[in-house]
Amino acid sequence: MKFGRIEAKYYQLSSKPFTMAADAEIDDVLYSKIEPYSTGMLEVSDLHTIFWERAGNPDGQPVIVIHGGPGGGSQPGYRQYFDPQKFDIIQFDQRGCGKSTPYAELEENNTHNSVSDIESLREHFGIDKWHIFGGSWGSTLSLIYAQNHPDKALSLTLRGIFMCRKSELQWFYQHGASHVFPDAFEPYQNHIPEVEKHELITAYYERLTSENVEIRRAAAKEWTRWEMATSRLFPDPEYLDKAEDLDFAVAFARIECHYFINGIFVEDGHILNNCNNITHIPTTIVQGRYDMVCPTVSAWELHKQLPNSRLIIVPDAGHSMGETSIARELVAATDNL
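Residues numbered from 1 in each chain as written. Predicted model: local features only at pLDDT ≥ 70, side-chain atom pairs only at ≥ 80, totals over all residues. Heavy atoms only, no water.

Engineer: What's the story with the overall build of the protein chain in this structure? I'm lost.
Structural biologist: Helix and strand counts for the protein chain stand at 13 helices and eight strands. Here the C-alpha atoms of the protein chain give a radius of gyration of 19 Å, agreeing with the 20 Å that 2.2 N^0.38 yields for 337 residues. Each principal axis of the C-alpha distribution contributes one length, and for the protein chain these read about 50 × 45 × 40 Å. Across the 337 residues of the protein chain, 57% fall into the buried class. Summarising the internal contacts of the protein chain: among those between residues at least 6 apart in sequence, 74% fall at separations of at least 24. (Helix = DSSP H or I, 4+ residues; strand = E, 2+ residues; numbered from the N terminus. Rg over C-alpha atoms; globule rule 2.2 N^0.38 Å. Buried < 20%, exposed > 50% of the residue type's maximum accessible area, 1.4 Å probe, protein only. Contact = heavy atoms within 4.5 Å.)

Engineer: Any chance you could explain the pairing of strand β2 (residues 49-56) here in plain terms?
Structural biologist: For a regular strand, side chains alternate in direction, first toward one face of the sheet and then toward the other. By the criterion of burial, β2 is predominantly enclosed, with seven of the eight residues buried. Once strand β1 (residues 36-43) ends, the chain turns through five residues before running back antiparallel as β2. Across five bridges, the pairing between β2 and strand β4 (residues 87-92) is antiparallel. Paired with A55 across the strands is I89, a residue of β4. (Pairing = 2+ DSSP bridges.)

Engineer: Mind showing me how you'd approach helix α10 (residues 246-261) here?
Structural biologist: Note: α-helices contain 3.6 residues per turn, so residues at a spacing of three or four share the same orientation. With 16 residues, α10 extends 21 Å from end C-alpha to end C-alpha; this agrees with the ideal 22 Å at 1.5 Å per step. Positive backbone phi, approximately 60 degrees, marks G263, located one or two places after α10. (Expected span 1.5 Å × (residues − 1).)

Engineer: Would you take a moment to explain the pattern of salt bridges for this structure?
Structural biologist: Where side chains of opposite charge bring their charged atoms close, a pairing between them can arise. Counted according to the given criterion, the structure contains 13 salt bridges. E123 is the salt-bridge partner of R122, the closest N and O atoms lying 4.0 Å from each other. Exposure remark for E123: the relative accessible area of 53% places this residue in the exposed category. The partner of E168 in a salt bridge is R165, with the nearest N and O atoms 2.8 Å apart. (Salt bridge = Lys/Arg side-chain N within 4 Å of Asp/Glu carboxyl O.)

Set out below in structure tokens:
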């Protein structure tokens, strides 16, 4: 009975007219660019201090935007997914990335501390409850935060569901997405000697944590380039250029690999096993049909566990929230909150 209801909803949602992302520009569906009205730093431990910003309406509905990676950092463009008159848009850089300090630091950098940091921000701002918005790793952290603090979440708006299970990590970093993007996978794989290729995440971790700066940078470039090459339905040269920004790439690759080698510091299947904590929270899931980084099966399995969720599978999109058809659905979701 439960599956039947979900299946009916799924077919209803997926029957929208097919439109290519090229039919509209990203700026046509996003709100106009805005600047923060307030920024600051919050000390969350003796070692770590995190950067935060607030934009939009100080008296609006609070929404916490949780960026991807881990290690991706907040982005000015994320503000444009919300009506600036309606929302108080809060972003922060997770430990070790963006403007947070110390840069690319792995010590005291784990999922439990990230959850604690989000709660510290909420208390710092004196907010009772807030909406939660996150994609990719941001969806992971959003879900785990909500499962730990279910009374603080007004809603969840999630994109590109990533639950960091072993099967998901193997699909993208070892064997799976490589069948679809063999040309992009080859440089990533060939950066590692033949004798280590059976465990690519482990091999990259050893290089990304090397004392040798050049070894770290070279590994970070290949790791980041692989992810950027597969993030959109139509590859974007600007995404590939992110791998050339070694300051970004080192934090991004190093922190990601640190989390993944440690199974994000929770048991495999943690999110699905704890969905009973958040079944009451209104949830919208936006998922690109051809998402190679976080395949649709994870969004489907999560949706089946959350009776108060709405799953939108976008037929002409991959992983990135920068794809027009994904952005359109995300803006519609936040407009409807």
